[in-house]
Amino acid sequence: MKWLRRSSGPSAKEEAGASSQPEVQPSLALSTLFRQLRKDRIYHILELGPAVGHNIEFLSRFSCRIRVEDLYRTLSSFDYVSGSDAVDFEAVFKYLLPYEGNTRFDILFAWDLLNYLDRQEFLYLMRHLTRFCHSGTVMFALIATSKNMPDRPAEYRILDENSIECRNVSSVLRPCPRYHDVDLRHMMPSFRVYNSYLLRNGMKEYLFVSN
Amino acid sequence: MWKKNETQYPQPEPAHQPSVPIHNPSPVEQLRERAIIGSSILIKGDISGEEDLVVQGQVEGRIELRQHNVTVGKNGRVKADIWGKIISVEGEVFGNIFGEEKIVIRSSGVLHGNITAPRVTLEDGSKFKGSIDMDSRQAEKPAPAVVRENKPEGELLRKTQVEPHVEQKKEEEFKKAGMPFKPNAAAPRT
């Protein structure tokens, strides 16, 4: 079972010293997104990654409400389904991401999280999140295209409107699911690709827009 | 040389200069400026007052010091909603915090709850799960800790690429200029 196969959170050793040199990447997708943000309205943002001070500070220039989930860490420490192979993913995400029915997010930051979900998890997560999106909600995601990737999500920092910094928190590699556009269309039926760019580190950045 | 020696002479004090009384707060007064809840203290209930507060112990209930700073020290463990001017979290907080000016989660800080403040700083290493409301217009009035309904104001990203009417317009401009039209080409100079 995927929930149990995940390691139970990063060890102190991994947290302390496994990271390689941070890489700065130009991000055309984020640049496109930030150009569209207005300062006279409030944005509801869902951060599926961890709380990163740089990003919060950057986003503070806009009036916004940010919901921080750190979903990978939550999933890693989540084992109440042990003993059962039939996972009700719908219930799982309902439990982990409990929002009020009238909640609607404008922007979702998934970063590289989607690479760490199997197809079922991916599908059900998107199905769950779609309920809290309106037509035009934007999702930023990084999809790995290389053969291997670090065994846990990296930390991404928004440096400015045009660039991000990637800090790998683990030097251990694992095979990459390499989701293609066809897979993404299948697993995110209510989103369309607005634009996508290949980054130097083998990640493809996407801006998805909900229909 | 001469000038150097001159500077060694004591300068006369200017006459009739009004002396500004310097108030050196006594240790007792200094302590009064900020209250400290010591590491062995457990308080269950509401805390309010007119001075800054440092929590090194445990508080369960509610802390309301809207005009003063609240610091939850490294050993502090708070299960309460906190209202303050500048709130700094170095220990653990389970509850919602409302800062009139700023909220800082230090590298050792852990917060499970929602933040409402015009400015928020999360230091590297801090742990936070919840929502952050940085709408400065709402900061004075603590909002309930839920993500409120946000009526969509149209699509965030406008379709800028290959919109049919733009291409048509472009084609007309090319025809006017007597040039063959190429999609995605820059408009001709007329």
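Residues numbered from 1 in each chain as written. Chains lettered and ligands numbered in written order. Predicted model: local features only at pLDDT ≥ 70, side-chain atom pairs only at ≥ 80, totals over all residues.

1. Some thoughts on the overall build of chain B
- Within chain B, the secondary structure is distributed over three helices and twelve strands.
- Split into buried and exposed, the 190 residues of chain B put 27% on the buried side.
- Residue pairs at least 24 apart in sequence account for 5% of intrachain contacts in chain B once pairs closer than 6 positions are excluded. (Helix = DSSP H or I, 4+ residues; strand = E, 2+ residues; numbered from the N terminus. Buried ≥ 20, exposed ≤ 12 C-beta atoms within 10 Å, placed from the backbone. Contact = placed C-beta atoms within 7 Å.)

2. A look at the overall build of chain A
- Helix and strand counts for chain A come out as eight helices and eleven strands.
- Within chain A, buried positions represent 38% of all 211 residues.
- Contacts spanning at least 24 positions in sequence make up 72% of the contacts within chain A whose residues lie at least 6 apart.

3. A few points about the confidence of the model for chain B
Residues and elements named next belong to chain B.
- On average, chain B scores 75 in pLDDT, and the residues at 70 or more come to 55%.
- Scored below 50 in pLDDT, residues 139–151 shows 26 contacts in the model against residues more than four places distant or in partner chains.
- This model gives residues 184–190 a pLDDT under 50, and the stretch forms eight contacts once residues within four places in sequence are excluded.
- Confidence metrics for the complex model read pTM 0.74 and ipTM 0.79. (pLDDT = per-residue confidence, 0-100.)

4. Description of the interface of chain B and chain A
- Counting from both sides, the interface comprises 25 residues of chain B and, opposite them, 29 residues of chain A.
- Elements that contribute at least two residues to the side of chain B that touches chain A include exactly strand S11 (119–122) and strand S12 (127–133) of chain B.
- Per element, the largest residue contribution to the side of chain B that touches chain A is six residues, and it comes from S12(B).
- Classifying every residue of the side of chain B that touches chain A by side-chain character gives ten nonpolar, six polar and nine charged.
- As defined by bridge partners, strand S3 (residues 64–68) of chain A adjoins S12(B) across four bridges and the pair is classed as antiparallel. Pairing of Ile66(A) across the sheet is with Ile132(B), part of S12(B). (Nonpolar A, V, L, I, M, F, W, Y, C, P; charged D, E, K, R; others polar. Pairing = 2+ DSSP bridges.)

5. Some points on the pairing of strand S8 (residues 97–105) of chain B
Residues and elements named next belong to chain B.
- By the criterion of burial, S8 is predominantly enclosed, with seven of the nine residues buried.
- Where S8 and S11 come together, four bridges link them in parallel fashion. Note on S11: the bridge partner recorded for valine 104 is threonine 121.

6. Considering the sheet that holds strand S7 (residues 155–160) of chain A
Residue and element names in this part refer to chain A.
- Within the open sheet, the three strands sit side by side as S1-S8-S7. Their pairing is antiparallel. The sheet is open, and its two edges are formed by strand S1 (23–26) and S7, each paired on a single side. Taking each pair of neighbouring strands and ignoring which way they run, the sheet shows an average axis angle of 30 degrees.
- In this sheet, strand S8 (residues 163–167) lies alongside S1 in antiparallel orientation, the contact comprising four bridges. Residue pairing for S8: proline 26 is matched across the bridge by serine 163. (Axes fitted to C-alpha atoms, helices over the stretch in contact; angles between N-to-C directions.)

7. Here we look at the nonpolar core
- In this structure, Ile45(A), Leu108(A), Ala110(A), Leu113(A), Phe140(A), Ala141(A) and Ile82(B) are the most contacted members of the largest nonpolar core, which totals 87 residues.
- In this structure Ile82(B) touches Ile63(B), Val70(B), Ile87(B), Val93(B), Gly95(B) and Ile97(B), once residues within four positions along its chain are discounted. (Core = buried A, V, L, I, M, F, W, Y, C linked by C-beta atoms within 7 Å.)

8. Brief notes about the pairing of S7(A)
Residues and elements named next belong to chain A.
- As defined by bridge partners, S7 adjoins S8 across five bridges and the pair is classed as antiparallel. Following the sheet pairing, glutamate 155 is matched in S8 by arginine 167.
- Here S7 hands over to S8 after two residues, the two strands then running antiparallel side by side.

9. Observations regarding the environment of Thr145(A)
Residue and element names in this part refer to chain A.
- Along the chain, the position of threonine 145 falls in the loop between strand S5 (133–144) and strand S6 (148–150).
- Accessibility expressed as a C-beta count within 10 Å gives 17 for threonine 145, which makes it partly exposed.
- Sequence spacing of threonine 145 and serine 190 is 45 residues, and the spatial spacing of their C-alpha atoms is 23 Å.
- With sequence-adjacent residues up to four places away left out, threonine 145 is seen in contact with Arg178, Gly202, Met203 and Lys204.

10. Details of helix H3 (residues 28–36) of chain A
All names here are of chain A.
- The set of residues buried in H3 consists of Ala29, Leu30 and Leu33. In a view along the axis of H3, the buried residues occupy a sector of 95 degrees, so they form one face of it.
- Buried residues along H3 sit in contact with S5, S7, S8, strand S10 (191–198) and strand S11 (203–210). (Arc of directions from axis to C-beta.)

11. Some thoughts on the packing of helix H6 (residues 89–96) of chain A against helix H7 (residues 119–130) of chain A
Residue and element names in this part refer to chain A.
- Two elements in contact, H6 and H7, have axes whose closest approach is 9 Å; the angle formed by their N-to-C orientations is 55 degrees. By the angle between their directions, the pair H6 and H7 is classed as oblique. H6 and H7 meet at a crossing whose hand is right-handed. Counted together, Phe89, Glu90, Phe93 and Lys94 of H6 and Gln120, Glu121, Tyr124, Leu125 and His128 of H7 form the full contact between these two elements. (Parallel < 35°, antiparallel > 145°, perpendicular 65-115°, else oblique. Left-handed = near helix turned anticlockwise from the far one by under 90°.)

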